[in-house]
Amino acid sequence: MISIFRKHKIVLCSRVSGQLLINGLPANKVRVRRILTYSGEQEFSDSTVTDSEGCFSLAKYSILSRKPNKPFFDSFTHQYIYAEFDGNKPLIWFAKHRGKDELDSFAKKLGNIIGDLTDPEVQFEFDSGVSQVKYFANSRCRWDADFKVLEVFQD
């Protein structure tokens, strides 16, 4: 009975780091915003600014919650990361993270973001680490491995 009052650590987003470009040049002083929505109920946000080389990072984001104790509760986070420059808000990352624990496959992608903000947005799949299970995300960034483009969106 006491366990229903226990708070669980929920990892909403792994550490995010990488480099952004605009037309092949470092995206200097571009604001990077991250919005995390936990199970469609709570929203959390933070931001940072790229350095002169277009590099940026955001710390791992975790919360404590009793919500996973509720019967039939679906624990998920919508992860939305975008840039702001010249009145534009190009997408850097959008994905639905299921569960309450940090996922290695998400951490690998989010810890190595490299992309040109003028590239088209794509939907892609990547391995979950479990046989025959794939994750999906949208991004303007590209990865050398474990990155299969499913659809390209033209602005």
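Residues numbered from 1 in each chain as written. Predicted model: local features only at pLDDT ≥ 70, side-chain atom pairs only at ≥ 80, totals over all residues. Heavy atoms only, no water.

Q: Would you take a moment to explain the overall build of the protein chain for this structure?
A: Scanning the protein chain from terminus to terminus reveals one helix and 13 strands. Taken from the N to the C terminus, the helices and strands of the protein chain come in the order β-β-β-β-β-β-β-β-β-α-β-β-β-β. C-alpha extents for the protein chain along the principal axes are approximately 55 × 35 × 25 Å. Looking at the protein chain as a whole, 41% of its 155 residues are labelled buried. For the protein chain, restricting intrachain contacts to residue pairs at least 6 apart in sequence, the fraction spanning at least 24 positions comes to 62%. For the protein chain, the accessible area works out to roughly 8700 Å², and carbon and sulfur atoms hold 50% of it. (Helix = DSSP H or I, 4+ residues; strand = E, 2+ residues; numbered from the N terminus. Buried < 20%, exposed > 50% of the residue type's maximum accessible area, 1.4 Å probe, protein only. Contact = heavy atoms within 4.5 Å. Areas by Shrake-Rupley, 256 points an atom, 1.4 Å probe, with all protein chains shown as cover.)

Q: I would appreciate a short explanation of the side chain of N138 in the present structure.
A: Within the secondary structure, N138 sits in strand β12 (residues 134–139). Of the residues examined, N138 reaches a relative accessible area of 14% and is grouped as buried. Those residues in contact with N138, other than ones at most four positions away along the chain, are L91, I92, W93, F94, E121, V122, Q123, F124 and F153.

Q: Can you help me understand the sheet that holds strand β4 (residues 31–38) in this one?
A: Backbone hydrogen bonds are what pair the strands of a sheet, in a parallel or an antiparallel way. Read across the sheet, seven strands follow the order β5-β4-β8-β9-β12-β11-β13 without closing on themselves; strand pairing throughout is antiparallel. Since the sheet does not close on itself, it has two edges, and those belong to β5 (42–49) and β13 (148–153), each with one partner. Here the strands of the sheet are splayed against their neighbours by 15° on average, with no regard to which way each runs. (Pairing = 2+ DSSP bridges. Axes fitted to C-alpha atoms, helices over the stretch in contact; angles between N-to-C directions.)

Q: Sorry, what's going on with the environment of A83 here?
A: For A83, the position within the fold is in strand β8 (residues 76–84). A C-alpha to C-alpha distance of 9.7 Å links A83 and T50, two positions 33 residues apart in sequence.

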